[in-house]
Amino acid sequence: GGPGMLTSQGAPGMLTSTSSYGVDAMLPSPSQPGPGHVYPYNMKDGVEVVIIGLADKPGLEEQIIKLQKKESDRREQNRLASIIKRRKQKATKKEIEEENTKLKAENADLKDEIKALKEKLAGSQMFSNAVLEYHRAHGFKGLVLTASAIKKWIQKKFGALDN
């Protein structure tokens with residue numbers, strides 16, 4: 001079976017449990033207790049697996065120490081990775097807040113600029129209406145410096161001149 005799953009394989013009268021660390025734990029079945037010594041192995045905080053009947057297996061103590069070292073190294077690596085991740089998240093959040101503040105200020109400036117341009121455009125439209133009204137009433141009479149510019153503007157706007 002998978003990690004932590006009990007199966008009926010193994011020695012007669014024994015159930016085996018394969019941990020995620022690759023150690024087969026022999027657990028006695030309810031009908032027949034198995035022979036051998038008891039080796040406690042602390043896999044995770046507060047969880048203890050008892051390995052029974054593996055006294056004959058050579059290098060068991062070294063394997064347990066190796067697995068405990070591997071688990072300790074993994075926990076330390078995860079702890080350091082968590083610290084780094086939290087620092088990056090904090091830095092990213094700070095950068096986003098700074099950029100957001102900058103964009104809000106830029107947005108306010110743009111809104112002010114748009115408002116000023118709209119006011120200027122309204123004034124320009126009123127001025128262009130006044131020029132057209134003057135032109136309809138008087139033509140180019142009285143215009144000295146701006147006559148050619150107004151003539152071009154009217155031709156561009158209407159395509160032809162009345163006068």
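On a predicted model such as this, the values are computed, not experimentally measured, just so you know.

This part is about the overall build of the chain. Looking only at helices and strands, the chain has two helices and five strands in total. Shown N-terminal to C-terminal, the secondary structure of the chain runs as helices and strands in the order β-β-β-β-β-α-α. Every one of the 163 residues in the chain was classed for burial, and the buried ones make up 18%. Of the roughly 13,100 Å² of accessible surface on the chain, 57% is carried by carbon and sulfur atoms.

Reading predicted coordinates in detail is not appropriate for stretches of low pLDDT. Counting all residues, the mean pLDDT for the chain is 74, and 63% of those residues have values of 70 or more. Predicted confidence in the chain is weakest over strand β1 (residues 6–7), with a mean pLDDT of 42, and strongest over helix α1 (residues 60–138), with 91. For residues 1–37, every residue scores under 50 in pLDDT, and the model assigns this stretch 73 contacts once sequence neighbours within four places are set aside.

With 12 residues, helix α2 (residues 147–158) should reach 16 Å at 1.5 Å per residue; the first-to-last C-alpha distance of 16 Å fits that figure. The complete set of buried residues in α2 reads Ala147, Ile150 and Ile154. Buried residues of α2, seen end-on, are gathered within an arc of 65 degrees and therefore sit on one face of the element. For α2, the exposed residues set more than 90 degrees away from the buried face come down to Ser148, Lys152 and Lys156. Each element contacted by the buried residues of α2 is listed here: α1. Two residues or fewer after α2 comes Gly159, characterised by a positive phi angle close to 85 degrees.

Moving on to α1. Helix length check: α1 (79 residues) gives 113 Å between terminal C-alpha atoms against 117 Å at 1.5 Å per residue, within 8%. Every buried residue belonging to α1 is among Leu60, Ile64, Leu67, Glu71, Ser128, Val131, Leu132 and His135, and all of these are buried.

Turning to the pattern of salt bridges, a few remarks are in order. What the rule picks out here adds up to four salt bridges. Here Arg79 makes a salt bridge to Glu76, at a shortest N to O gap of 2.7 Å. Highlighted residues: Arg79 and Glu76, both in helix α1, separated by three residues, approximately one helical turn. Judged by relative accessible area, Glu76 falls into the partly exposed class, the value being 35%. The network of salt bridges with shared partners includes Glu71, Arg74 and Arg75.

Rules and cut-offs
- Residues numbered from 1 in each chain as written.
- Predicted model: local features only at pLDDT ≥ 70, side-chain atom pairs only at ≥ 80, totals over all residues.
- Heavy atoms only, no water.
- Helix = DSSP H or I, 4+ residues; strand = E, 2+ residues; numbered from the N terminus.
- Buried < 20%, exposed > 50% of the residue type's maximum accessible area, 1.4 Å probe, protein only.
- Areas by Shrake-Rupley, 256 points an atom, 1.4 Å probe, with all protein chains shown as cover.
- pLDDT = per-residue confidence, 0-100.
- Contact = heavy atoms within 4.5 Å.
- Expected span 1.5 Å × (residues − 1).
- Arc of directions from axis to C-beta.
- Salt bridge = Lys/Arg side-chain N within 4 Å of Asp/Glu carboxyl O.

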